[in-house]
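# Close look at the chain arrangement
Residues per chain, in single letters:
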Amino acid sequence: MIELLGAEFFRLALVAALLVGLCAPAVGTFIVQRRLALLGDGIGHVALTGVALGFLTGTAPVLTAVVVSVAGAVAIELVRARGRTSGDVALALLFYGGIAGGVMLMGIAPGGSNAKLNSYLFGAIASVTSQDIWVIGALAVAVIAVVVIFGRELFVLCQDEEMARASGLPVRFLSLLIAVMAALTVVIAMRVVGLLLVSALMVIPVATSQQLTRGFRSTMALAMTIGVVVAVGGLMASTLSSRVPPGAAIVLLALGGFVLALGVGRFVRRGRVREPGVNEPTPVREAA
């Protein structure tokens, strides 16, 4: 382990894994609560077009991915809010258009290749550069700052949109804020788990945490902890064995944690039900 910390590529990869493990479940908590679990997948496909556009224009793919994914997230939220088409249809448009545009642009880009395309689709955490870390770090700080500043308002929105509107909250702005945070998170995580698997890291830790907690804050805190653990664990697994893809290892660890939490959660709930005087009604004696 000490030898690995001495390697620059591992230190950069570790920082990227920590940032992704924190941000993805934090944003995913709001997305899951609003029942938009597939939003990350749709934005991930759009971000691929941004990556390919970066190779085509000779600019940084991460920066172009930010611009394109944010624009796509805003578009899907506006379409969904205006009700011109259902949410699933709008997400389908993002899926097909994003992936097709990305593959097309990557094919005609001078520096494009299947190897580079796969590194963004499935992640290549070992190839993260110091420039990537600066961009990922800045985006991560922005995402966490939004969660801290607008966390209470976003919680009300996710619980009941009509109540949030009746309370005078800027529902349209907050909805767009969630979409933009999701887009930034996708770009943050694409170098670690890949665009095709980024939604899993946003959703699975939250679903795991929901099996063990009840409150919104405790769910988010535990989900972020799980995200960090599985991200670092997947990185370690891929470092120890070059044949283990890091993105797949991270997602499989998250799935394993969900299965374990599902069993533990059921056991705890059964114990509470069987415990007299807690969840069972007190028997009422019949009057003589």
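So, here is what we can say about the structure in this document. (Residues numbered from 1 in each chain as written. Predicted model: local features only at pLDDT ≥ 70, side-chain atom pairs only at ≥ 80, totals over all residues. Heavy atoms only, no water.)

This paragraph deals with the overall build of the protein. Helices and strands together make up the secondary structure of the protein, namely 12 helices and zero strands. In the protein, the order of α-helices and β-strands from amino to carboxyl end is α-α-α-α-α-α-α-α-α-α-α-α. Taking all 288 residues of the protein together, 46% fall into the buried category. Of all intrachain contacts in the protein linking residues separated by at least 6 positions in sequence, the fraction that spans at least 24 positions is 74%. Surface accessibility of the protein: about 14,500 Å² in total, with carbon and sulfur atoms responsible for 66%. (Helix = DSSP H or I, 4+ residues; strand = E, 2+ residues; numbered from the N terminus. Buried < 20%, exposed > 50% of the residue type's maximum accessible area, 1.4 Å probe, protein only. Contact = heavy atoms within 4.5 Å. Areas by Shrake-Rupley, 256 points an atom, 1.4 Å probe, with all protein chains shown as cover.)

In contact at an axis separation of 9 Å, helix H3 (residues 39-57) and helix H9 (residues 171-189) are set at 60° when each is read in the N-to-C sense. Between H3 and H9, the interaxial angle falls into the category oblique. Between H3 and H9 the crossing geometry is right-handed. From H3, Leu39, Gly40, Ile43, Gly44 and Ala47 reach across to H9, where they touch Ala179, Ala182, Ala183 and Val186. (Axes fitted to C-alpha atoms, helices over the stretch in contact; angles between N-to-C directions. Parallel < 35°, antiparallel > 145°, perpendicular 65-115°, else oblique. Left-handed = near helix turned anticlockwise from the far one by under 90°.)

What follows is about the packing of helix H2 (residues 8-33) against H9. The description of two helices packed together rests on the angle between their axes and the distance between the axes. In the contact formed by H2 and H9, the axes pass within 10 Å of each other and the chain directions differ by 150°. Taken together, the axes of H2 and H9 lie roughly antiparallel to each other. Considering how the two elements wind past one another, H2 and H9 form a crossing that is left-handed. Contact residues: H2 offers Val20, Cys23, Ala24, Val27, Phe30 and Ile31, while H9 offers Ile178, Met181, Ala182, Thr185, Ile188 and Ala189. Taken together, the residues of the contact of H2 with H9 break down into 11 nonpolar, one polar and no charged. (Nonpolar A, V, L, I, M, F, W, Y, C, P; charged D, E, K, R; others polar.)

What follows covers the pattern of salt bridges. Scanning the entire structure with this criterion turns up three salt bridges. Residue Arg34 pairs with Glu161 through a salt bridge whose shortest N-O separation is 2.8 Å. Taken as a pair, Arg34 in the loop between H2 and H3 and Glu161 in helix H8 (residues 161-166) lie far apart in primary sequence, 127 residues in all. The exposure class of Glu161 is partly exposed, given its relative accessible area of 27%. Among the ionic pairs, Arg165 bridges to Glu162, the shortest N-O distance being 3.4 Å. Note that Arg165 and Glu162 are positioned in helix H8 at a spacing of three residues, about one turn of the helix. Judged by relative accessible area, Arg165 falls into the partly exposed class, the value being 42%. Each of the salt bridges in this network shares a partner with another, and the network as a whole consists of Arg34, Glu161, Glu162 and Arg165. (Salt bridge = Lys/Arg side-chain N within 4 Å of Asp/Glu carboxyl O.)

Bringing the side chain of Ser238 into the picture now. Topologically, Ser238 is positioned in helix H11 (residues 216-240). A polar side-chain atom of Ser238 sits 2.8 Å from the main-chain carbonyl oxygen of Leu235. Look past the residues within four positions of Ser238 in its chain and what remains in contact with it is Val244, Pro245 and Pro246. (Polar contact = N/O pair within 3.5 Å; in protein donor to acceptor, adjacent residues only side chain to side chain.)

Taken together, the side chains of Leu53, Leu56, Met104 and Ile108 present a nonpolar region at the surface, about 350 Å² in accessible area. Elements with a minimum of two residues in the nonpolar patch: H3 and helix H5 (87-108). Inspection of the secondary structure puts Leu56 in helix H3. Look at Leu56 and you get partly exposed, because its relative accessible area is 32%. (Patch = residues over 30% accessible without salt bridge, like charges linked within 9 Å, V, L, I, M, F, W, Y side chains within 5 Å.)

Let us look at H2. Look at H2: 38 Å from first C-alpha to last across 26 residues, which is about the 38 Å you get at 1.5 Å a residue. Of the residues trailing H2, Arg35 is marked for its positive phi of about 60°. (Expected span 1.5 Å × (residues − 1).)

Turning next to the side chain of Ser69. Inspection of the secondary structure puts Ser69 in helix H4 (residues 61-82). In this structure the side chain of Ser69 is engaged in a polar contact, spanning 2.6 Å, whose partner is the backbone oxygen of Ala65. Each residue touching Ser69, except ones within four places of it in the same chain, is listed here: Ile43, Val46, Ala47, Ala183 and Val187.

Note that Ala223 resides in helix H11. When the C-alpha positions of Ala223 and Val206 are compared, they lie 5.0 Å apart, and in sequence the two are 17 residues distant. If we ignore the near neighbours within four places in the chain, the residues touching Ala223 are Pro25, Pro205, Val206 and Ser209.

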